[in-house]
Amino acid sequence: MPTLEAEYYVPLEGNKVKCVLCPRECTIPDGGQGFCLVRKNRGGILYTVVYGEVTSAAYDPIEKKPLYHFYPGSVIFSIGTNGCNLDCKSCQNWEISRQETQRQFFPPEAAVTYARRYGSIGIAYTYNDPIIWFEYVKDTAKKVKEAGLVNVMVTNGNININALRELLPLIDAFNVDLKGMDSDYYLKFSSFPSPNVWKVCEEIRKAGKHLELTKLIVPDFDEFTPEYFERFGRWVAENLGKDVPVHYSRFFPAYKLLSTPPTPVEVLDLAYDVTKEYLYYIYVGNVVDPKRESTYCPFCGELLVRREGYDVRVLFTSDGKCPNCGRAVDFVF
Ligand code: SF4
Ligand SMILES: [Zn+2]
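Residues numbered from 1 in each chain as written. Chains lettered and ligands numbered in written order. Predicted model: local features only at pLDDT ≥ 70, side-chain atom pairs only at ≥ 80, totals over all residues. Heavy atoms only, no water.

Moving on: the overall build of the protein chain. Scanning the protein chain for helices and strands turns up nine helices and 19 strands. Against the 2.2 N^0.38 benchmark of 20 Å for 333 residues, the protein chain shows a C-alpha radius of gyration of 20 Å, consistent with a compact globule. Seen along its three principal axes, the alpha-carbon backbone of the protein chain occupies a region of about 65 × 45 × 35 Å. Per-residue burial for the protein chain yields a buried fraction of 56% across its 333 residues. (Helix = DSSP H or I, 4+ residues; strand = E, 2+ residues; numbered from the N terminus. Rg over C-alpha atoms; globule rule 2.2 N^0.38 Å. Buried < 20%, exposed > 50% of the residue type's maximum accessible area, 1.4 Å probe, protein only.)

Here it is in structure tokens:
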């Protein structure tokens, strides 16, 4: 198992260490490991035990991340490892995120070789949370950029700001999976208050990087009222911008919430209708709804991208304009 000394930790007395990569800031005794499972203290030195260690790899449609406004219709080589710094009650990938499994070694150079195949535009660090894979993501992302390709992070955003700032120049697009709107929600749903997430989203925008948000709507955790979604839409518009796409996702029973029923489809309709007043681009996921998976011009209503599942038809002009009103589209392509 390749191990590498981790970045972002401070030694403490008695061979303990404090990891400061994410806001959990785990104090780890000699022989122990952090909450994320994959940063381990051996003799007072913190190691990452997943450098280059890949559990899952696939060529995915970029829409699967989901990123709808970033090279629409393209394919991206997607990789993940073990571990996570949250423990969300409905984790779809808990088998890799909350335990160690079999892995295959992909040094950064090998990952870049795969990233060039099958028309892939680069690498998406996804499946588990890439924050806890920091050292490998950083090294690989540098090589990906040198090769003229792009880097994408699909993340919970639970990272300390200094570490984020090291990644920002390397990552072209982020999908931040927002769990809730406040610390209480995070604590109840994800086991940790995650105080940085909103600030992380703001930093991503300030750095001029592409950002999309995902919000899973979960019965018993989210309020099914217009005021609730209004508050969310307003916050995103005021702090991040009206042009940040939001993906509302339908909950299905999983992991620790096996007896919670799926989100009623009418609630997704409500979230969509209410938030549309504040934001240009709202989508619904985990439901078949081509109308609400497609993109319309926020000025004239013209269809700009038609989506039906992963079938994507780009209808804006090749120079990035709405074919009806001529407004520049909010897409990276
Ligand atoms: S990255 Fe892992 S070890 Fe470090 S503070 Fe976060 S959960 Fe703890
Ligand atoms: Zn238009």
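The next point concerns the sheet that holds strand β19 (residues 311-314). Overall, antiparallel pairing links the three strands, which are arranged β17-β18-β19 in an open sheet. Taken across any chain shown, the strands that pair with only one partner, and hence form the sheet edges, are β17 (295-296) and β19. Taken together, the four bridges between strand β18 (residues 303-308) and β19 define a ladder with antiparallel strand orientation. Counterpart to arginine 306 in the pairing with β19 is arginine 313. (Pairing = 2+ DSSP bridges.)

Moving on: the environment of phenylalanine 252. Note that phenylalanine 252 resides in the loop between β15 (246-250) and α8 (265-275). Through-space distance from the C-alpha of phenylalanine 252 to that of serine 90 is 8.2 Å; in sequence the pair is 162 residues apart. The residues touching phenylalanine 252, leaving out its near neighbours within four places in the chain, are Pro262 and Asn286. (Contact = heavy atoms within 4.5 Å.)

Looking along the chain, the bond that leaves lysine 65 and enters proline 66 is cis, with omega of -5°. Positive phi values are uncommon outside glycine, yet tyrosine 255 reaches one of about 50°. Structurally, tyrosine 255 is set in the loop between β15 and α8.

Let us now look at the coordination of the zinc ion (ligand 2). Summarising the metal site, the zinc ion (ligand 2) is bound by the protein donors Cys297 (SG), Cys300 (SG), Cys322 (SG) and Cys325 (SG), whose distances to it range over 2.3 Å. Around the zinc ion (ligand 2), the four donor atoms are arranged such that angles at the metal cover 102 to 116°; this shape is classified as tetrahedral. The sequence pattern formed by the donor residues of the zinc ion (ligand 2) is C-x2-C-x21-C-x2-C. Under the relative-accessibility criterion, cysteine 322 is labelled buried at 3%. Residue classification places cysteine 325 among the partly exposed positions, given a relative accessible area of 39%. (Donors = N, O, S within 2.8 Å, 3.2 Å for Na, K, Ca; no water. Tetrahedral: all angles 85-135°; square planar, octahedral: opposite > 155°, others 65-115°.)

Moving on to the environment of threonine 126. Assignment of secondary structure puts threonine 126 in the loop between β11 (120-125) and α3 (134-146). Note: C-alpha distance between threonine 126 and leucine 187 (61 residues apart in sequence) is 23 Å. When sequence neighbours within four positions are dropped, the list of residues in contact with threonine 126 reads Lys65, Ser78, Ile79, Gly80 and Val154.

With that settled, consider the environment of valine 288. You can see valine 288 is positioned in the loop between β16 (282-285) and α9 (290-293). When the C-alpha atoms of valine 288 and valine 150 are compared, they prove to be 29 Å apart, with 138 residues separating the residues in sequence.

Moving on, we get to the sheet that holds β15. The mixed open sheet is built from eight strands, whose spatial order is β8-β9-β11-β12-β13-β14-β15-β16. The sheet is open, and its two borders are formed by β8 (56-61) and β16, each paired with just one other strand. Each strand of the sheet is rotated relative to its neighbour by a mean of 20°, with strand direction disregarded. Summarising the sheet, β15 and β16 pair through four bridges and their orientation is parallel. (Axes fitted to C-alpha atoms, helices over the stretch in contact; angles between N-to-C directions.)

A few words on the pairing of strand β14 (residues 210-217). Within β14, eight of the eight residues are buried, which leaves it mostly tucked inside the rest of the structure. The alternating pattern of β14 places His210, Glu212, Thr214 and Leu216 on one face and Leu211, Leu213, Lys215 and Ile217 on the opposite face, and all of these are buried. In this sheet, β14 lies alongside strand β13 (residues 173-178) in parallel orientation, the contact comprising six bridges. The partner of alanine 173 across the bridge, within β14, is histidine 210. Examined bridge by bridge, β14 and β15 share five bridges and lie parallel to one another.

With that settled, the discussion passes to the UniProt feature "binding site: [4Fe-4S] cluster" (unreviewed entry) in the protein chain. In this structure's numbering, the residues bearing the UniProt feature "binding site: [4Fe-4S] cluster" (unreviewed entry) are Cys84, Cys88 and Cys91. Within the fold, cysteine 88 resides in the loop between β9 (75-80) and α1 (94-97). Apart from residues lying up to four places away in sequence, cysteine 88 is in contact with Lys179, Phe189, Ser190 and Tyr255. Assignment of secondary structure puts cysteine 91 in the loop between β9 and α1. In this structure cysteine 91 comes out as buried when scored by relative accessible area, which is 19%. What cysteine 91 contacts, discounting residues up to four positions off in sequence, is Ser97, Ala254 and Tyr255. (UniProt positions renumbered as here; feature names shortened; annotations may be inferred.)

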